[in-house]
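# Coordinate inspection notes
One-letter residues, chain by chain:
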Amino acid sequence: MRFFKKTISDVPLESTTVLLRADYNVPLKNDGTIADDFRIRASLPTVRRLLKDGCKVVIISHLGRPEGRDPKLSLEPAALRLAQLLGEPVRFVDQTVGDKVRMAIKRAPKRGVIVLENLRFHAEEEANDEDFARKLARDSGARYFVQDGFGVVHRDHASTAAITLFLPSVAGRLLEKEHTSITGAMSSPKRPLVAVMGGAKVSDKIGVIEKLVDKADTILIGGAMANTFLADSGVNVGASKYENDQGAVIKKIHEAVRQKVGDAKAAEFLRLPTDVTVAKRIERPTDVRYVGAKEVASNDMILDIGPRTAESYVKALRRAGTVVWNGTMGYAELAVFAKGSAAVAEALAEHPEVESVIGGGDTADFAIHWDKKKGGSFSHVSTGGGASLELMAGKKLPGIEHLLDA
Ligand code: ADP
Ligand code: 3PG
Ligand code: MG
């Protein structure tokens with residue numbers, strides 16, 4: 001399936017100045033250093049391609065959610081990491097628009113990389129302010145705008161929307177790959193399509209679950225999301241994290257499932273854990289036990305799927321043509337409660353013939369840290385959290401829609 005927007009391959013960018021929107025919103029450690037550079041590494045194919053074409057590449061991004069200028073959220077560390085990963089010098093300018101930016105870009109060599117300061121130091125960025133977008137276009141001296149910040153394309157901001165009024169705007173390599181992988185898995189998967197859904201909340205992912213009931217052949221539920229489904233069916237989930245206000249949504253989901261596969265096959269289509277991992281407390285747990293899903297005591301917390309459930313989910317994954325995975329199977333921040341998520345990751349990594357598309361901030365983070373090949377064992381690990389969920393749910397994303405049509 002051809003991507004529906006123009007990309008960097010469709011316009012003559014050779015030897016021009018290009019304004020490149022990346023998503024370098026990376027997690028930081030307490031000391032301010034970068035905790036994980038997955039998103040910076042993911043931007044390399046586009047940056048390298050533009051350098052090969054002799055471009056002057058001016059990179060813009062946001063980092064965090066600052067209110068005004070905040071030195072702790074400077075993009076300078078990201079610029080340094082980019083230079084290391086590229087093996088080429090990267091100039092950092094501590095402003096986003098204005099004379100200093102204009103002069104620095106003018107003086108820079110014809111072929112090279114410049115990173116500007118955090119877009120969100122200006123309130124105009126999130127306000128999708130046209131004047132700010134005009135200045136970004138003008139002060140960068142760019143001939144083209146390239147959108148490659150997939151993680152932020154669900155936002156209507158100056159660098160995802162208004163900017164496209166001022167420069168011919170096309171997609172970068174990462175954006176194209178994210179879009180084709182995610183929409184391809186949802187709309188023309190190799191069957192059977194098995195979805196693994198988990199994480200914190202049903203309410204975060206209603207749009208995706210509803211879409212999956214339509215598109216998938218089996219849905220495997222885990223994480224705190226499973227607690228909500230179990231509690232809704234009348235099972236005692238004890239002291240577990242769950243939502244008690246999702247009854248109407250869950251009823252609608254069950255009805256859609258019955259419509260699709262009939263009463264007899266409903267529980268096979270939308271599967272819930274039959275056993276679970278419980279503990280009395282999360283930190284320093286000493287009393288971790290595996291119990292049947294219906295045998296949770298009132299002071300137990302369900303913190304992972306159980307081994308029997310993991311085994312049966314893995315069986316379904318091995319038989320899949322395509323797997324989409326969004327949401328960890330448990331409290332995977334702690335190794336004792338990461339076994340269910342690790343079983344899913346292992347099943348996908350061991351079966352490269354199964355197309356695997358992993359999305360969601362925490363899930364992608366888990367998968368790339370679990371994997372010796374930093375995510376390379378899977379077909380696609382998305383750099384997007386909200387953006388990948390919205391795309392899976394079939395929504396139109398402003399940062400993509402505004403680009404030039406192919
Ligand atoms: P993603 O970012 O991949 O979309 P979510 O944010 O929805 O995923 O969910 C991940 C979070 O859910 C993690 O912080 C994880 O600890 C939490 N979580 C998953 N299962 C449980 C559980 N059984 N109890 C408590 N927290 C859970
Ligand atoms: C993300 O991390 O999901 C993106 O970079 C978007 O960030 P935001 O949620 O602060 O808009
Ligand atoms: Mg999350």
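Below you will find a few notes about this structure. (Residues numbered from 1 in each chain as written. Chains lettered and ligands numbered in written order. Predicted model: local features only at pLDDT ≥ 70, side-chain atom pairs only at ≥ 80, totals over all residues. Heavy atoms only, no water.)

### A look at the side chain of T383
Definition in use: In DSSP terms, a helix is any run of H or I states spanning at least four residues, a strand is any run of E spanning at least two, and both are numbered starting from the N terminus. Throughout, a residue-residue contact means that at least one pair of heavy atoms, one from each residue, lies within 4.5 Å.
By secondary structure assignment, the location of T383 is in the loop between β15 (380-381) and α15 (386-392). Beyond its immediate stretch of four places on either side in the chain, T383 contacts F38, R39, A42, F150, G151, L174 and E178.

### So, the packing of aromatic side chains
The description of an aromatic ring pair uses the distance of the two centres, along with the angle that the planes make with each other. Condition: Classification of ring pairs uses Phe, Tyr and Trp, with its six-membered ring standing for Trp, and accepts pairs whose centres are within 6.5 Å; under 30 degrees between planes counts as stacked, over 60 as edge-to-face, and the remaining range as tilted. Only Lys NZ and Arg CZ are tested; either one counts as a charge over a ring when it is within 6 Å of the ring centre and within 35 degrees of the ring normal.
For the structure shown, the criterion picks out three aromatic pairs. One cation-aromatic arrangement involves R143 over Y144; the distance from NZ or CZ to the ring centre is 4.8 Å.

### Here's the deal with empty space enclosed by the protein
As a reminder, the rule being used: Cavities and pockets were defined on a 1 Å grid built over protein atoms only: a cavity is a set of grid points that admits a 1.4 Å probe from which the probe cannot escape, a pocket is an open set flanked by protein on both sides within 12 Å along at least five of seven lines, and lining residues are those with an atom within 4 Å of any such point. Grid points are joined across faces, edges and corners, and a volume is the space filled by probe spheres set on the points. Three residue categories are used. Nonpolar comprises Ala, Val, Leu, Ile, Met, Phe, Trp, Tyr, Cys and Pro, charged comprises Asp, Glu, Lys and Arg, and polar comprises the others, including Gly.
Applying the stated criterion across every chain, the model contains three cavities of 30 Å³ or more. What the largest cavity holds in volume is close to 60 Å³. Lining the largest cavity, in full, are A22, D23, R39, A42, S43, D148, G149, F150, G151, L174 and T383. Split by residue class, the lining of the largest cavity holds four nonpolar, four polar and three charged.

### Observations concerning helix α8 (residues 206-215)
Applied cut-off: Each residue's exposure class comes from its accessible area (1.4 Å probe, protein chains only) as a fraction of the maximum for that residue type: buried when under 20%, exposed when over 50%, partly exposed otherwise. In this description, one arc is meant: the one made by directions from the helix axis to the C-beta atoms.
Every buried residue of α8 is listed here: V208, I209, L212 and V213. Summarising the axial view, the buried residues of α8 lie within an arc of 140°, below the 170-degree limit, and thus occupy one face.

### Overview of the site of ligand 2
Which entries qualify depends on this criterion: Only heavy atoms are used to decide nearness, and a residue is near a molecule or strand if one of them lies within 4 Å of it. Here a polar contact means two N or O atoms within 3.5 Å. Within protein one must be a hydrogen donor candidate and the other an acceptor candidate, and residues neighboring in sequence count only if both atoms are side-chain atoms. To be clear on the numbers: accessible area is Shrake-Rupley with a 1.4 Å probe, and residue cover counts the displayed protein chains and nothing else.
In the region of ligand 2, the neighbouring residues are D23, N25, R39, H62, R65, R120, G151 and R155. Here H62 contributes a side-chain N or O atom positioned 3.0 Å from an oxygen atom of ligand 2. Calculation on ligand 2 without its partners gives an accessible area of 310 Å², and the protein chains cover 85% of this total. The residue inventory of the shell around ligand 2, partitioned by class, reads no nonpolar, three polar and five charged.

### Description of the layout of surface pockets
Taken as a whole, the second largest pocket encloses approximately 340 Å³ of empty space. Looking at the lining of the second largest pocket, the elements with two or more residues in it are α7 (173-187), α8, α15 and α16 (398-401). For the lining of the second largest pocket, the per-class residue count stands at eight nonpolar, five polar and six charged.

### Concerning the site of ligand 1
In the region of ligand 1, 19 residues are neighbours, and A200, K205, E333, D362 and T363 sit closest. Taking K205, its side chain carries an N or O atom lying 2.9 Å from an oxygen atom of ligand 1. Contact between ligand 1 and I302: a nitrogen atom at 3.0 Å from a main-chain N or O atom of the residue. Taken by itself ligand 1 offers 580 Å² of open surface, and the protein chains cover 87% of this. Counting only elements with at least two residues in the shell around ligand 1, the list comes to α9 (223-232), β12 (301-305) and α14 (361-370). In terms of residue class, the shell around ligand 1 is built from five nonpolar, 10 polar and four charged.

### Let's talk about the sheet that holds β12
Formally: Strands were regarded as paired on the criterion that DSSP finds at least two bridges between them. To get an axis, fit a line to the C-alpha atoms, keeping to the stretch in contact for a helix; angles then go from 0 to 180 degrees between the N-to-C directions.
The antiparallel open sheet is built from three strands, whose spatial order is β11-β10-β12. This sheet does not close on itself; its edge strands, each paired only once, are β11 (289-292) and β12. The sheet shows a mean angle of 45° between the axes of neighbouring strands, direction not considered. Both strand β10 (residues 275-279) and β11 contribute to a ladder of four bridges, which runs antiparallel. The partner of D275 across the bridge, within β11, is G292.

### Re the pattern of salt bridges
Pairing between side chains of opposite charge can happen when the charged atoms of each approach one another. In plain terms, the rule: Every case where a carboxyl oxygen of Asp or Glu lies within 4 Å of a side-chain nitrogen of Lys or Arg is listed as a salt bridge.
The final tally for this structure, using the stated rule, is 20 salt bridges. Here D217 makes a salt bridge to R191, at a shortest N to O gap of 2.9 Å. Taken together, the residues span a long stretch of sequence, with D217 in the loop between α8 and β8 (218-221) and R191 in the loop between α7 and β7 (193-197) at a distance of 26 residues. For D217, a relative accessible area of 30% corresponds to the partly exposed category. On the basis of relative accessibility, which here comes to 46%, the residue R191 falls in the partly exposed class. Shared partners join several salt bridges into a network, and the residues in it are D37, R41 and R81.

### What about the sheet that holds strand β5 (residues 144-147)?
With respect to topology, six strands assemble into an open sheet ordered β3-β4-β2-β1-β5-β6, the strand pairing being parallel. Both edges of this open sheet fall to β3 (90-93) and β6 (169-171), since each of them pairs with a single strand only. Pairs of neighbouring strands in the sheet enclose a mean axial angle of 25°, with direction left out of account. In terms of strand pairing, β5 meets β6 through three bridges, oriented parallel. The partner of F145 across the bridge, within β6, is S169. Relative to strand β1 (residues 17-21), helix α2 (residues 44-52) is tilted by about 180°, and along the sheet it contacts β1, β2 (56-60), β4 (112-116) and β5.

### Overview of the environment of V146
Mapped onto the fold, V146 is located in strand β5. Leaving out residues up to four positions away in the same chain, V146 has contacts with I8, L13, V18, L19, L20, R21, T46, V170, A171 and G172.

### Considering the nonpolar core
Heads up, the rule is: Residues belong to one nonpolar core when they are buried, are Ala, Val, Leu, Ile, Met, Phe, Trp, Tyr or Cys, and are joined through side-chain atoms within 4.5 Å.
Counting 39 residues, the largest nonpolar core has L212 and I219 as the members making the most contacts within it. For this core, the elements supplying multiple residues, two or more each, are α7, β7, α8, β8, α9, α10 (247-261), α11 (266-269) and α15. By size, the runner-up hydrophobic cluster in this structure holds 32 residues, among which are I34, C55, I59 and A78.

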